[in-house]
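# Structural characterization, general
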Amino acid sequence: MITRSPALVQRAPTEEAQPLAMTPAWQSQLARAVRDPRELCRRLRLDPAWLPGAETGHRLFEVRVPEAFLARMRPGDPADPLLRQVLPLDAEAAPTPGYVSDPLAEAEHTPQRGLIHKYAGRVLLIASPACAVNCRYCFRRHFPYAENSPSRAQWEQTLDHLRDDTSIREAILSGGDPLAASDRQLAWLVERLDAIPHLKRLRIHTRLPVVIPDRVDAGLLDWLTATRLQTVVVLHSNHANEIDDAVIAACRRLTQAGATLLNQSVLLRGVNDSVEALAALSERLFEARVLPYYLHMLDPVAGAAHFDVPEFEARELVAGLRESLPGFLVPKLVREIPGEASKTPL
Ligand code: SF4
C-alpha cells in the first residue's frame, strides 16, 4: 500500500512531543480524520456495493478525509463532487497506458533532500510529507516522501542550496501539504528563509485552509506575519461546495495577515467538468477574496485516469467561462510538461 505518514503531531522525528492539552484544534482534527474505507462508506450512507472498490483503491493509496471536509458532502450521493475526490475506486487498480508513478519526472530535479528545483528563480521545498486529505487524483500519490523528509541537519544542507544560488527569488513550501507541519517547525524554517537576503517571496501551496479551516489559527498567523518575505498562499480547491463560511473566514484571516490569495484547481471528470461548476467555483473563491489562478489538466499519474478530461473539452470549458465571467475570474488553463521551463498554457 502507498502510505503517507499520518499527521506530523504523530510522527515528526525532528519535533519534541507536545503535551496533549497544548495540541492545536486542527491537529486533533487531523488525527481524527476518517482513514477507513468502510467508515467513509458508512458515514456517507453509500450502497454497500461501493465498498469492495473502495477497499481496493485504499490498498493502493490510503483513505484520509477530515471531519470538516466530510461534513460538506451530501450523504447518500456517490456523485457528490467532494466525495468523488476522496472515494477510492476499483478503477485505480486498472493500468492505463501513459499513466505513471512520477508523471512530472520530479525525481530528476531533486538535488537535495526535500528540495525540487525545476524552474528558474524559484525552488520547491517539501515542508511536510503529510496531507490533511488524500485526493485520489494527486500527482504525488506515489512520491517517495520517506526519502524526502529531511531532519533539521539535512534541512540546513538543503537551505545551503538556496543560500548559494542568488538567482533564487522565491521559496515555495509544498508537500504533501506544508501546513500539515507544526507551527514550530514552520516558524523555524521560515526564519531561516527570512535570513537569505536574495529571497523575496514565500509561496505556500496548501489545501489545509480549505479542508480544515481551523488550521488558520493564531500559531500560523504568528510566523506568517513575522516574516519580511512577501507571502502568497495558493489554495487548492476544485468545487464551490468546498468553500463554506468557515473557509471564507479562514481566507479573511490570511488576507488580514498580508497574504495574497490565489487558487489552483485540477479539471476533474465528475467533479468540476462543466462551465456551471467552474463558474460557481470562481464566484465563490472571489467571495473569499481568492483569485482563480490555474486550472490544471490532470497529470497522468497511475491510478487517476478515470478523472481525465480531454484537452479539446477543457478548452471549450474555458471558452465558456470567458463568456460568462469577467476575465479576472477565469483561471489559466495549463498543463505541466516534464522538462518545460514553466507550465504550458493551453
Ligand atoms: S492535498 Fe494536495 S498533495 Fe495532498 S493529496 Fe491532495 S492534491 Fe495531493
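Anything mentioned here points back to the structure above.
Residues numbered from 1 in each chain as written. Predicted model: local features only at pLDDT ≥ 70, side-chain atom pairs only at ≥ 80, totals over all residues.

### Here we look at the environment of Arg 315
- Of note, Arg 315 is situated in helix H13 (residues 311-324).
- Exposure remark for Arg 315: the 12 C-beta atoms within 10 Å place this residue in the exposed category.
- Through-space distance from the C-alpha of Arg 315 to that of Leu 333 is 7.7 Å; in sequence the pair is 18 residues apart.
- For Arg 315, the residues in contact, after removing those within four places along its chain, are Leu 333 and Leu 346. (Helix = DSSP H or I, 4+ residues; strand = E, 2+ residues; numbered from the N terminus. Buried ≥ 20, exposed ≤ 12 C-beta atoms within 10 Å, placed from the backbone. Contact = placed C-beta atoms within 7 Å.)

### What about the sheet that holds strand S9 (residues 344-345)?
- Here we have nine strands laid out as an open sheet, ordered S1-S2-S3-S4-S5-S6-S7-S8-S9, and mixed in their pairing. Bordering the open sheet on either side are strand S1 (115-116) and S9, each of which pairs with just one other strand.
- Sheet topology places S1 next to strand S2 (residues 122-128); two bridges connect them, and they run antiparallel. Note that in S2 the partner of Leu 115 across the bridge is Leu 125. (Pairing = 2+ DSSP bridges.)

### Details of helix H4 (residues 51-60)
- Burial in H4 covers these residues: Ala 54, Gly 57 and His 58. With its buried residues spanning 105 degrees around the axis, H4 presents them on a single face.
- Those residues of H4 that are buried are in contact with helix H3 (37-43). (Arc of directions from axis to C-beta.)

### Quick notes on the pairing of strand S3 (residues 170-175)
- Judged by which residues are buried, S3 turns out to be one-sided: Ala 171, Leu 173 and Gly 175 face inward and are buried, whereas Glu 170, Ile 172 and Ser 174, on the alternate face, are not.
- When S2 meets S3, the two strands line up parallel, connected through six bridges. Across the sheet, the residue bridging to Ile 126 is Ser 174, located in S3.
- Sheet analysis places S3 next to strand S4 (residues 201-206), joined by four bridges and oriented parallel. Looking at S4, one finds that Leu 173 is bridged to Ile 204.
- Running through helix H8 (residues 183-194), the crossover from S3 to the neighbouring parallel element S4 is right-handed. (Right-handed = clockwise from strand over helix to strand, strands pointing away.)

### Notes on the site of the ligand
- Taken together, Cys 131, Val 133, Asn 134, Cys 135, Cys 138, Arg 140, Gly 175, Gly 176, Asp 177, Arg 207 and His 236 make up all the residues around the ligand.
- In terms of residue class, the shell around the ligand is made up of four nonpolar, four polar and three charged. (Near = placed C-beta within 6 Å. Nonpolar A, V, L, I, M, F, W, Y, C, P; charged D, E, K, R; others polar.)

### Quick word on unusual backbone geometry
- In this model, Gly 175 is joined to Gly 176 through a cis peptide bond whose omega is 20 degrees.
- Mapped onto the elements of the fold, Gly 176 is located in the loop between S3 and H8.
- Its identity as a non-glycine residue notwithstanding, Arg 45 has a phi of 50 degrees, on the positive side.
- Its 11 C-beta neighbours within 10 Å are what place Arg 45 among the exposed residues.
- A positive phi is found at Arg 289, a non-glycine position, where the angle reads about 65 degrees.
- Relative to the elements of secondary structure, Arg 289 occurs in the loop between helix H12 (275-287) and strand S7 (291-296).
- On the basis of neighbour counts, which here come to 14 C-beta atoms within 10 Å, the residue Arg 289 falls in the partly exposed class.

### Some words on the packing of H12 against H13
- Between H12 and H13, the shortest axis-to-axis distance is 9 Å and the interhelical angle comes to 55 degrees. The angle between H12 and H13 places the two elements in the oblique class. Where H12 crosses over H13, the handedness of that crossing is right-handed. When H12 is examined against H13, the residues Val 275, Leu 278 and Ala 279 are found in contact with a partner set consisting of Leu 317, Gly 320, Leu 321 and Ser 324. (Axes fitted to C-alpha atoms, helices over the stretch in contact; angles between N-to-C directions. Parallel < 35°, antiparallel > 145°, perpendicular 65-115°, else oblique. Left-handed = near helix turned anticlockwise from the far one by under 90°.)

### Quick notes on the pairing of strand S6 (residues 260-266)
- Among the seven residues that make up S6, five are buried, leaving the element largely enclosed by the rest of the structure.
- Bridge count for S6 against S7 is five bridges, and the pairing is parallel. Bridge assignment links Leu 262 to a residue of S7, and that residue is Leu 291.
- You can see the chain leave S6, run along H12 and come back into S7, and the turn it takes is right-handed.

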